[in-house]
Amino acid sequence: MTETKRLENWLLEKGDIGERLITEAHVQLNTDLKDKGKWQSLTYKMVHLYGRQELIAEIKKVEEKLFSEAEHKNFRERIRSIFRK
Amino acid sequence: MPIIAKAPTKSRNAVITDWYTKVFPKACTYLHKKGADLETSKELFQQAIVIYYEKITSEHFEPRLSDEAYLMGIVKKLWLKYHNNVTQTDALETLEIRDGHPLEPAAHKLMAFLKSSGEKCMQLLQSYYYENLSMKQLGSRFGFRTERSATVQKFKCLEKVRNTVKEKALSYEDFLD
């Protein structure tokens, strides 16, 4: 198993718990590995944020389509009628 | 049962469209009765989708209700939060779905860099870590012939992005403050 994969299992609490405990011990003893763990953890956060931004962009695109294209006229009318009440 | 669970092969775009056509009118009826306008209703529904999507793609979620029931429940909670915030600050932006913390400027810069320099790796990584796709699904989306090659490429990308994150974060003075 590669070092990156071992760090992943430890950081994301995946796989064999014994392996994770060994990785944790290595991280405590090895500054280089500890450093990699810190940046890998931040990388997961950035990837998550990137995924969320992509999702928001996709949602906005769907909404724009529903509120602009001719084929969704009934949908728009239905929504507008709710706010006209 | 949620749409994604019923039809895992359906595209995300199609699922979002279904949620809009089936649930958004009901959300609007509820929100309008509470005093929300169309723009606010749109914004709250967008946030509800993000929250619900992240819930159903998480590993431990076992749905017991329909998509509509979950989305409407989230919309109602968001409305309460929004209403309380508006009465205090009169600003929709204060409703944060990002774990309660707005992005620091340095994180914005880092994200912009990652988007411009490593879009393909970021796409691959988010498909696995955010969308929670399997290696098989990852393989078909990105054209890997085997699950093994998808795994190898995923870890290569992870290491590449990790190195970029380290290099860039260390160069932004305010990043680790």
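Owing to the predicted nature of the structure, the values given are computational and were not obtained by experimental measurement.

## Comments concerning the packing of helix α4 (residues 73-84) of chain A against helix α2 (residues 12-34) of chain B
Next up, step 1: Between α4 of chain A and α2 of chain B, the shortest axis-to-axis distance is 9 Å and the interhelical angle comes to 10 degrees. Taken as axis vectors, α4 of chain A and α2 of chain B run roughly parallel relative to one another. For the pair α4 of chain A and α2 of chain B, contact is made by Phe75, Arg78, Ile79, Ile82 and Phe83 of chain A and by Tyr20, Thr21, Phe24, Pro25, Cys28, Thr29 and His32 of chain B, respectively.

## Details of the confidence of the model for chain B
All names here are of chain B.
Next up, step 1: Averaged over chain B, the pLDDT score is 85; the fraction of residues at 70 or greater is 82%.
Next up, step 2: Within chain B, α2 carries the highest mean pLDDT (97), whereas helix α1 (residues 3-6) carries the lowest (46).
Next up, step 3: Long-range and interchain partners of residues 90-96, a stretch whose pLDDT sits below 50, account for 14 contacts in this model, where long-range means more than four residues apart.

## A few points about the packing of aromatic side chains
Next up, step 1: Scanning the entire structure with this criterion turns up 13 aromatic pairs over all chains.
Next up, step 2: Note on Tyr52 of chain B and Tyr70 of chain B: the rings are 5.5 Å apart at their centroids and 20 degrees apart in plane angle, and the pair reads as stacked. Separated by 18 residues along the polypeptide, Tyr52 of chain B in helix α3 (residues 38-56) and Tyr70 of chain B in helix α4 (residues 67-89) bring together distant segments of the chain. Tyr70 of chain B shares its class with Tyr52 of chain B; the two are buried.
Next up, step 3: An aromatic cluster of at least three residues, connected via ring pairs, comprises Phe67 and Phe75 of chain A together with Tyr20, Phe24 and Phe45 of chain B.
Next up, step 4: Stacked on the ring of Tyr53 of chain B, the Lys or Arg Arg12 of chain B has its end atom at 5.1 Å from the ring centre.
Next up, step 5: The side chain of Lys42 of chain B reaches across the aromatic face of Phe67 of chain A, ending 4.1 Å from its centre.

## Side note on unusual backbone geometry
Next up, step 1: Notably, Glu13 of chain A is not glycine yet its phi reads approximately 55 degrees, a positive angle.
Next up, step 2: In this structure, Glu13 of chain A sits in the loop between α1 (3-11) and α2 (17-29).
Next up, step 3: In this structure, Asn132 of chain B takes a positive phi of about 65 degrees despite not being glycine.
Next up, step 4: Looking at the secondary structure, you find Asn132 of chain B in the loop between α6 (119-129) and α7 (135-142).

## Describing the nonpolar core
Next up, step 1: Ile79 of chain A together with Ile16, Trp19, Tyr20, Phe24, Phe45 and Ile49 of chain B are the most contacted members of the largest nonpolar core, which totals 37 residues.
Next up, step 2: Of all the secondary-structure elements, those providing two or more residues to this core are α3 (31-66) and α4 of chain A together with α2, α3 and α4 of chain B.

## Topic: the interface of chain B and chain A
Next up, step 1: Facing 50 residues of chain B, the contacting portion of chain A comprises 37 residues.
Next up, step 2: Considering only the surface of chain B that becomes buried against chain A, His32, Tyr130 and Arg162 of chain B emerge as the three largest contributors, covering 14% of it.
Next up, step 3: The tally of links from chain B across to chain A stands at 4 salt bridges.
Next up, step 4: Along the contact surface separating chain B from chain A lie 16 residue pairs in polar contact (both at pLDDT 80 or more).
Next up, step 5: At the level of secondary structure, the elements contributing two or more residues to the side of chain B that touches chain A comprise α2, α3, α5 (105-117), α6 and α8 (147-171) of chain B.
Next up, step 6: Here the side of chain B that touches chain A takes 11 residues from α2 of chain B, the largest share from any one element.
Next up, step 7: Its residues assigned to classes, the side of chain B that touches chain A comprises 29 nonpolar, 9 polar and 12 charged.

## Details of the packing of α3 of chain A against α3 of chain B
Next up, step 1: Look at α3 of chain A against α3 of chain B: their axes get within 10 Å of each other, and the N-to-C directions meet at 135 degrees. In terms of orientation, α3 of chain A lies oblique with respect to α3 of chain B. As for the relative orientation of α3 of chain A and α3 of chain B, their crossing is right-handed in sense. Along its contact with α3 of chain A, which presents His48, Arg52, Leu55, Ile56, Ile59, Lys60 and Glu63 of chain A, the element α3 of chain B presents Lys42, Gln46, Ile49, Val50, Tyr53 and Glu54 of chain B.
Next up, step 2: Split by residue class, the contact of α3 of chain A with α3 of chain B holds 6 nonpolar, 2 polar and 5 charged.

## Examining α2 of chain B
Next up, step 1: The largest bend in α2 of chain B is about 45 degrees, located at Val23 of chain B, with the proline Pro25 of chain B one to four residues further on.
Next up, step 2: At the exit of α2 of chain B stands Gly35 of chain B, carrying a positive phi of roughly 110 degrees.

Calculation criteria
Residues numbered from 1 in each chain as written. Chains lettered and ligands numbered in written order. Predicted model: local features only at pLDDT ≥ 70, side-chain atom pairs only at ≥ 80, totals over all residues. Heavy atoms only, no water. Axes fitted to C-alpha atoms, helices over the stretch in contact; angles between N-to-C directions. Helix = DSSP H or I, 4+ residues; strand = E, 2+ residues; numbered from the N terminus. Parallel < 35°, antiparallel > 145°, perpendicular 65-115°, else oblique. Contact = heavy atoms within 4.5 Å. pLDDT = per-residue confidence, 0-100. Phe/Tyr/Trp six-rings, centres within 6.5 Å; stacked < 30°, edge-to-face > 60°. Buried < 20%, exposed > 50% of the residue type's maximum accessible area, 1.4 Å probe, protein only. Lys NZ or Arg CZ within 6 Å of the ring centre and 35° of its normal. Core = buried A, V, L, I, M, F, W, Y, C linked by side-chain atoms within 4.5 Å. Buried area = accessible area lost by both parts, 1.4 Å probe. Salt bridge = Lys/Arg side-chain N within 4 Å of Asp/Glu carboxyl O. Polar contact = N/O pair within 3.5 Å; in protein donor to acceptor, adjacent residues only side chain to side chain. Nonpolar A, V, L, I, M, F, W, Y, C, P; charged D, E, K, R; others polar. Left-handed = near helix turned anticlockwise from the far one by under 90°. Bend = angle between axes of the 7 residues up to and from the residue.

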